[in-house]
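# Topology and contacts: notes
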Amino acid sequence: MTAPQPTPFTDQSLYDQDFYLWIETIAKKLKQGRLAEVDLANLIEEIESMGRSEKQALDSNLISASRTLVT
């Protein structure tokens with residue numbers, strides 16, 4: 001009797017189960033030009049989230065700097 005072969009992850013299940021591996025997989029596909037295989041929905045979500053986080057950090061830093069200059 002042979003052992004069952006592991007089921008390969010889909011990009012969605014990989015995204016849900018191992019985020020870092022998902023990032024590596026998506027980056028590799030992008031570098032190789034395999035754009036049709038890229039998990040676009042989750043990639044777009046992550047880029048938008050990253051943009052919001054960066055904007056919030058910038059806003060917070062500007063507020064802190066302004067308060068320092070005023071005092």
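The sections below set out a description of the structure shown in this document. These figures come from a predicted structure and were not determined experimentally.

Rules and cut-offs
- Residues numbered from 1 in each chain as written.
- Predicted model: local features only at pLDDT ≥ 70, side-chain atom pairs only at ≥ 80, totals over all residues.
- Heavy atoms only, no water.
- Helix = DSSP H or I, 4+ residues; strand = E, 2+ residues; numbered from the N terminus.
- Buried < 20%, exposed > 50% of the residue type's maximum accessible area, 1.4 Å probe, protein only.
- Lys, Arg positive; Asp, Glu negative; His and termini not counted.
- Salt bridge = Lys/Arg side-chain N within 4 Å of Asp/Glu carboxyl O.
- Polar contact = N/O pair within 3.5 Å; in protein donor to acceptor, adjacent residues only side chain to side chain.
- Contact = heavy atoms within 4.5 Å.
- Expected span 1.5 Å × (residues − 1).
- Arc of directions from axis to C-beta.
- Core = buried A, V, L, I, M, F, W, Y, C linked by side-chain atoms within 4.5 Å.
- Axes fitted to C-alpha atoms, helices over the stretch in contact; angles between N-to-C directions.
- Parallel < 35°, antiparallel > 145°, perpendicular 65-115°, else oblique.
- Nonpolar A, V, L, I, M, F, W, Y, C, P; charged D, E, K, R; others polar.

All right, on to the side chain of Asp39 then. For Asp39, the location among the structural elements is in the loop between α2 (19-31) and α3 (40-70). Buried charge without a salt bridge: Asp39, with Lys29 as the nearest opposite-charge side chain at an N-O distance of 8.2 Å. There is a polar contact of 2.8 Å between the side chain of Asp39 and the side chain of Asn42. Other than its neighbours up to four places away in sequence, Asp39 contacts Asp11, Gln12, Tyr15, Trp22 and Ile26.

Here α2 is 13 residues long and its end C-alpha atoms lie 18 Å apart, about the 18 Å a rise of 1.5 Å per residue gives. Burial in α2 covers these residues: Trp22, Ile26 and Lys29. Along the axis of α2, the buried residues cluster in a sector spanning 60 degrees; they form a single face. Facing away from the buried side of α2 by more than 90 degrees, the exposed set consists of Tyr20 and Lys31. Looking at the buried residues of α2, the elements they touch are α1 (11-17) and α3. Immediately downstream of α2, the backbone of Gly33 shows phi near 75 degrees, a positive value.

Pairing of side chains with opposite charge becomes possible as their charged atoms draw close. Following the criterion strictly, the structure yields 2 salt bridges and no others. One salt bridge in this structure joins Asp59 and Lys55, with 2.9 Å as the shortest N-O distance. Highlighted residues: Asp59 and Lys55, both in helix α3, separated by 4 residues, approximately one helical turn.

In this structure, Leu14, Tyr15, Trp22, Ile26, Val38 and Leu43 together form the largest nonpolar core, which totals 6 residues. Mapped by element, the contributors of at least two residues to this core are α1 and α2.

This part takes up the packing of α2 against α3. Running from amino to carboxyl end, α2 crosses α3 at an angle of 105 degrees, the nearest separation of the two axes being 12 Å. In terms of their interaxial angle, α2 and α3 are classed as roughly perpendicular. Across the interface between the two elements, Phe19, Trp22, Ile26 and Leu30 of α2 pack against Asn42, Leu43 and Glu46 of α3. Here the contact of α2 with α3 is built from residues that sort into 5 nonpolar, 1 polar and 1 charged.

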